[in-house]
Amino acid sequence: MDGVLNETTNEIHKYEAGSSDFRTHCGATSHVSHDELRLISVERAISDSSATKCARCFENVPEY
Ligand SMILES: [Zn+2]
């Protein structure tokens, strides 16, 4: 699953599929500079960067 990592807060958001921008499910990154955002798989962000899952993006998604 694709995610958008906010490198400042180290929080991983769910990437809105089909978006050409860093658009996320919760919309929290819409005002964040693109310099602080990285497109990365959710699994990798958590294992490599110990990123925290955004509660709003993942509250209804099963653990994986
Ligand atoms: Zn989010």
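Everything here concerns the structure above.
We now turn to the structure provided with this report. What you are looking at is a predicted structure, and each value in this text was computed from that prediction instead of being measured.

1. Section: the nonpolar core
Among the nonpolar cores identified, the biggest contains 10 residues, and these are Leu5, Ile12, Cys26, Ile40, Val42, Ala45, Ala51, Cys54, Cys57 and Phe58. Only helix H1 (42-49) and helix H2 (55-58) provide two or more residues apiece to this core. Filtering out sequence-adjacent residues up to four positions away, Cys54 remains in contact with Glu11, Ile12, His13 and Cys26.

2. Notes on the side chain of Thr29
Locating Thr29 in the fold gives a position in the loop between strand E2 (11-14) and strand E3 (37-41). Here Phe22 takes part through its backbone oxygen, which lies 3.0 Å from a polar atom of the side chain of Thr29. Here Thr24 takes part through its side chain, which lies 3.3 Å from a polar atom of the side chain of Thr29. In contact with Thr29, not counting residues within four places along its chain, are Val4, His13, Phe22, Thr24 and Leu37.

Criteria and cut-off values
Residues numbered from 1 in each chain as written. Predicted model: local features only at pLDDT ≥ 70, side-chain atom pairs only at ≥ 80, totals over all residues. Heavy atoms only, no water. Core = buried A, V, L, I, M, F, W, Y, C linked by side-chain atoms within 4.5 Å. Buried < 20%, exposed > 50% of the residue type's maximum accessible area, 1.4 Å probe, protein only. Helix = DSSP H or I, 4+ residues; strand = E, 2+ residues; numbered from the N terminus. Contact = heavy atoms within 4.5 Å. Polar contact = N/O pair within 3.5 Å; in protein donor to acceptor, adjacent residues only side chain to side chain.

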